[in-house]
Amino acid sequence: MVDVRNGSQPASEQGDAIATRDAVAWGDLVARAVVMTTFIILAILSLAGLRQLLPLDSVHKLLMAAARIANVMFLSLVAATALTRLAPIRKSSGLEPRISALLGTFFAMSLSLLPEVDLGPILSVVSTMLIIVGAVLSFAVLRWLGKSFSIMAEARRLVTDGPYRLVRHPLYICEGIALVGRVLQVVSPLGVLIGIVVATIQYRRMINEEAVLSAAFPEYRAYAALTPRVVPARLGRLLQSRRTHRAESQEVLTRDKKGAWSEPS
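In this text, all values refer to a predicted model and were calculated from it rather than measured experimentally.

(A) Inspection of the nonpolar core at higher detail. By size, the foremost hydrophobic cluster in this structure holds 28 residues, and its most contacted members are F39, V78, F149 and Y164. For this core, the secondary structure elements donating two or more residues are α1 (11-48), α2 (59-84), α4 (120-145), α5 (170-185), α6 (189-216) and α7 (220-226). Among the elements that take part in this core, α2 stands out by supplying seven residues, more than any other.

(B) Spatial organisation of unusual backbone geometry. Residue L54 is joined to P55 through a cis peptide bond whose omega torsion reads -5°. The residue P55 is located in the loop between α1 and α2 in this model.

(C) Here's a closer look at α4. Taking 1.5 Å per residue, 26 residues should reach 38 Å; α4 reaches 37 Å between its end C-alpha atoms and fits that length. Packed against the buried residues of α4 are α2 and α5. Two residues or fewer past α4, G146 is found with a positive phi of approximately 60°.

(D) View of the packing of aromatic side chains. Scanning all chains against the criterion turns up two aromatic pairs. Consider the rings of F39 and F106, whose centres lie 5.9 Å apart with planes at 35°: the pair is tilted. On the criterion of sequence distance, the pair formed by F39 in helix α1 and F106 in helix α3 (residues 96-106) is long-range, its members being 67 residues apart. F106 sits in the partly exposed class, given a relative accessible area of 28%. Centre to centre, the rings of Y220 and Y223 are 5.5 Å apart; their planes meet at 55°, and the pair counts as tilted. With Y220 and Y223 both in helix α7 and three residues apart, this pair spans about one turn of that helix.

(E) Focus on α3. Among the residues of α3, P97, S100, A101, G104 and T105 are the ones counted as buried. Looking straight down α3, one finds that the buried residues subtend no more than 125° of arc, so they occupy a single side.

(F) Spotlight on the layout of surface pockets. One number sums up the size of the second largest pocket: a volume of about 340 Å³. Forming the walls of the second largest pocket are 19 residues, and the residues nearest its centre are A31, V35, R85, M152 and E154. Of all the secondary-structure elements, those providing two or more residues to the lining of the second largest pocket are α1 and α3. When residues of the lining of the second largest pocket are assigned to their parent elements, the largest contribution, seven residues, is made by α1. For the lining of the second largest pocket, a count of residues per class yields 10 nonpolar, three polar and six charged.

(G) Seen up close, the packing of α3 against α6. Two elements in contact, α3 and α6, have axes separated by 9 Å at closest approach and are oriented at 135°. If you check the angle between α3 and α6, you find them oblique. Considering the relative orientation of α3 and α6, their crossing is left-handed. Here α3 contributes E96, P97, S100, A101, L103, G104 and T105 to the contact with α6, which in turn contributes I201, Q202, R204, R205 and N208. Residue classes in the contact of α3 with α6 are distributed as four nonpolar, five polar and three charged.

(H) Just the side chain of S127, in detail. Looking at the element boundaries, S127 is found in helix α4. With near-sequence residues (within four places) excluded, S127 lies in contact with L119, G181, L184 and Q185.

(I) Molecular detail of a nonpolar patch on the surface. Together, V117, V187, V192 and I196 give the surface a local cluster of nonpolar side chains, amounting to about 280 Å² of exposed area. Mapping V117 onto the fold places it in the loop between α3 and α4.

(J) Quick peek at the environment of L137. With respect to the helices, strands and loops of the structure, L137 is situated in helix α4. The partly exposed category is assigned to L137, whose relative accessible area is 37%. Distance from L137 to L171, taken between C-alpha atoms, is 8.0 Å for residues 34 residues apart in sequence. Among residues more than four places away in sequence, those in contact with L137 are C174 and I177.

(K) Region of the structure containing the confidence of the model for the chain. The pLDDT averaged across the chain works out to 86; a share of 78% of its residues lies at or above 70. Between residues 1-5, whose pLDDT stays under 50, and residues either more than four places distant or in other chains, the model counts five contacts.

(L) Highlighting the packing of α4 against α5. Contact pair α4 / α5: the axes reach a minimum separation of 7 Å and the direction vectors enclose 160°. Classified by the interaxial angle, the pair formed by α4 and α5 is roughly antiparallel. As for how α4 packs across α5, the hand of that crossing is left-handed. In this structure, α4 uses S127, T128, L130, I131, G134, A135, L137, S138, V141 and L142 to contact α5, whose residues at the interface are P170, L171, C174, E175, I177, A178, V180, G181, R182, L184 and Q185. Across the contact of α4 with α5, the residue classes break down as 13 nonpolar, six polar and two charged.

What counts as what
Residues numbered from 1 in each chain as written. Predicted model: local features only at pLDDT ≥ 70, side-chain atom pairs only at ≥ 80, totals over all residues. Heavy atoms only, no water. Core = buried A, V, L, I, M, F, W, Y, C linked by side-chain atoms within 4.5 Å. Buried < 20%, exposed > 50% of the residue type's maximum accessible area, 1.4 Å probe, protein only. Helix = DSSP H or I, 4+ residues; strand = E, 2+ residues; numbered from the N terminus. Expected span 1.5 Å × (residues − 1). Contact = heavy atoms within 4.5 Å. Phe/Tyr/Trp six-rings, centres within 6.5 Å; stacked < 30°, edge-to-face > 60°. Arc of directions from axis to C-beta. 1 Å grid on protein atoms, 1.4 Å probe; cavity = no way out; pocket = protein on both sides within 12 Å on 5 of 7 lines; lining within 4 Å. Points joined across faces, edges and corners; volume = space filled by probe spheres on them. Nonpolar A, V, L, I, M, F, W, Y, C, P; charged D, E, K, R; others polar. Axes fitted to C-alpha atoms, helices over the stretch in contact; angles between N-to-C directions. Parallel < 35°, antiparallel > 145°, perpendicular 65-115°, else oblique. Left-handed = near helix turned anticlockwise from the far one by under 90°. Patch = residues over 30% accessible without salt bridge, like charges linked within 9 Å, V, L, I, M, F, W, Y side chains within 5 Å. Areas by Shrake-Rupley, 256 points an atom, 1.4 Å probe, with all protein chains shown as cover. Salt bridge = Lys/Arg side-chain N within 4 Å of Asp/Glu carboxyl O. pLDDT = per-residue confidence, 0-100.

What follows is the structure, given as structure tokens:
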């Protein structure tokens, strides 16, 4: 029965609500522990790989060591952030968003199973620098995202400032930079295919996360309308301007050729 005098819920319903809340809390705690443990292990394994580069007697080895250290910093920050992040206020429904999140997070690691190729000194430096830049920028963006970080498509707190003023998904862009560098190091049809698959999955993660954020935060739609998804507005306008200029130049060239052909001899 409902107490008509104060509108309180029956004791059974209150008990069910408490049990549900406790189950959600325990589920979130387990998820934090799993993410933290997984990324601590990955960070330790990456750090242990530094021994293979000793002695650091070349520029290439120094850059590879720097790339590993940057990766360890990022993995460690993921582990720490998972422990301190806010509880989710809304989660995606269905199986696909969860599968996409897991594949997008871990499938790129399959590139480490492929043999590295001899790129030559210049491309080797370029590929390693891409990994370093991507990892360092990922660390910076994740540090800014802070307690709102999620691996699954979940809403915690809306972040629209800092790097999120430029694009809606800066972390994926930074991780993509590192991915390009890693694909270069193992470049092959299979390596390129893995890179394309990872990029496609990451794009799907963006769609899933935007759906959750739109449902959780009414102001997200206005933010999304003003902020590009992956290409910064200025860069997008520059690329569009170049495409327009190229098309106009091609049109003028074609028109001139037609005029030349139509002139009497």
